[in-house]
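Results of the structural survey
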Amino acid sequence: METVTHQGRETAYRTFDRGADGPTVLAVHGSGGSHRVWSAQARLADSFPLVALDLSGHGESDDVAAQPGYETLSAYVDDALAVADAEDIDVLMGSSLGGAVVLTALLERDIDVAGAILAGTGPRLPVLDDLLTWVSTDFERVIEFFHEPDHLFHDADADTLAVSRRALRATGPEILERDFRTAHGFDVRGELGSLDLPTLALVGEYDRLTPPRYHEQLCEELPDCELTVLDDAAHLAMLEASEQFNDAASAFLSEL
């Protein structure tokens, strides 16, 4: 893992680069995740260098003292932009809350990129009231909810489910609650018309957490947006339908 120091903390990231000359992509994970959620996208590095970070408090990155909501979202944007600057990033790619990080960076910060990929996300990211309660009172119930069919996965094997459960437990309830409340407060409906960069929206057809209609809303507002629905996948389509995901991303990146 490499690190970049900014605003008194270190943000960790992993670079996958096999000498390709395509645009360099920065991948931003979602709530409770880490750079590992992008493991299957390492194969993109044959043509497009990929950089995957750990947001503050996740994986191997330092935490940040930030209140849930816009303060946390801004800190996560700081993380992403620090890595983007260090690695000369050309394209931003975000999943779920990571999509909110990408959209906030594009709307509010001075960053010049050639395109964006938004996966399992939307112009707003409401979180169920039950999840907001359970995350501080019954964390195991949150973990089981996420691993019901068509939440994180449509039909994943037992090993994948076990790895995913361990990853959430490693993040812990405090960081996950901060992520949930930050996602819940995110809403950029009516603000996306100014983002005229090419954008690819990707969603698993069975995703009940950020369903296809969220991505349709993105493409209704974004001036240059293409929507691809991935078969036989739910929220973490980059893992569950990695070949489809990578094919769609590669086609998009090749046109930039």
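Please refer to the structure placed before this passage.
Presented here is an overview of the structure given in this document. (Residues numbered from 1 in each chain as written. Predicted model: local features only at pLDDT ≥ 70, side-chain atom pairs only at ≥ 80, totals over all residues. Heavy atoms only, no water.)

**Let's talk about the overall build of the chain**
A tally of regular secondary structure across the chain gives nine helices and eight strands. Against the globule reference of 18 Å for 256 residues, the chain gives a C-alpha radius of gyration of 16 Å, in line with a compact fold. Along the first, second and third principal axes, the C-alpha set of the chain runs to 45 × 45 × 40 Å. The 256 residues of the chain split such that 57% are buried. Taking the contacts inside the chain whose residues are at least 6 apart along the sequence as the reference set, 77% of them involve residues at least 24 apart. (Helix = DSSP H or I, 4+ residues; strand = E, 2+ residues; numbered from the N terminus. Rg over C-alpha atoms; globule rule 2.2 N^0.38 Å. Buried < 20%, exposed > 50% of the residue type's maximum accessible area, 1.4 Å probe, protein only. Contact = heavy atoms within 4.5 Å.)

**What about the packing of helix H3 (residues 129-137) against helix H6 (residues 173-184)?**
In the contact formed by H3 and H6, the axes pass within 9 Å of each other and the chain directions differ by 165°. By the angle class used here, H3 and H6 are roughly antiparallel. In this structure, H3 meets H6 at a crossing whose hand is left-handed. Where H3 approaches H6, its residues Leu-131, Leu-132, Val-135 and Ser-136 are matched on the opposing element by Pro-173, Leu-176, Glu-177, Phe-180, Arg-181 and His-184. The residue inventory of the contact of H3 with H6, partitioned by class, reads six nonpolar, two polar and two charged. (Axes fitted to C-alpha atoms, helices over the stretch in contact; angles between N-to-C directions. Parallel < 35°, antiparallel > 145°, perpendicular 65-115°, else oblique. Left-handed = near helix turned anticlockwise from the far one by under 90°. Nonpolar A, V, L, I, M, F, W, Y, C, P; charged D, E, K, R; others polar.)

**Regarding the sheet that holds strand E7 (residues 199-204)**
Strand order in the open sheet made by the eight strands is E1-E2-E4-E3-E5-E6-E7-E8, with mixed pairing throughout. Edge strands, defined here as strands with exactly one partner in the open sheet, are strand E1 (2-6) and strand E8 (225-230). Direction aside, the axes of adjacent strands within the sheet are offset by 20° on average. (Pairing = 2+ DSSP bridges.)

**Here we look at the state of the cysteines**
A complete count under the given rule lists one disulfide for this structure. Disulfide pairing places Cys-219 opposite Cys-225 at an S-S distance of 2.1 Å. Of note, the bridge from Cys-219 to Cys-225 carries an S-S torsion of about -45° and is left-handed in sense. (Disulfide = S-S within 2.5 Å.)

**Digging into the side chain of Thr-182**
Relative to the helices and strands, Thr-182 is located in helix H6. The class of Thr-182 is buried, set by a relative accessible area of 2%.

**As for the packing of aromatic side chains**
Scanning the model with the defined rule gives four aromatic pairs in all. Counting every residue linked through ring pairs, the aromatic cluster contains Trp-134, Phe-145, Phe-146 and Phe-180. (Phe/Tyr/Trp six-rings, centres within 6.5 Å; stacked < 30°, edge-to-face > 60°.)

**A short note on the pairing of E8**
Sheet topology places E7 next to E8; six bridges connect them, and they run parallel. Among the inter-strand pairings, Ala-201 is bridged to a residue of E8, identified as Leu-227. In the classification by handedness, the crossover that spans E7, the intervening helix H7 (residues 212-221) and the parallel E8 is right-handed. (Right-handed = clockwise from strand over helix to strand, strands pointing away.)

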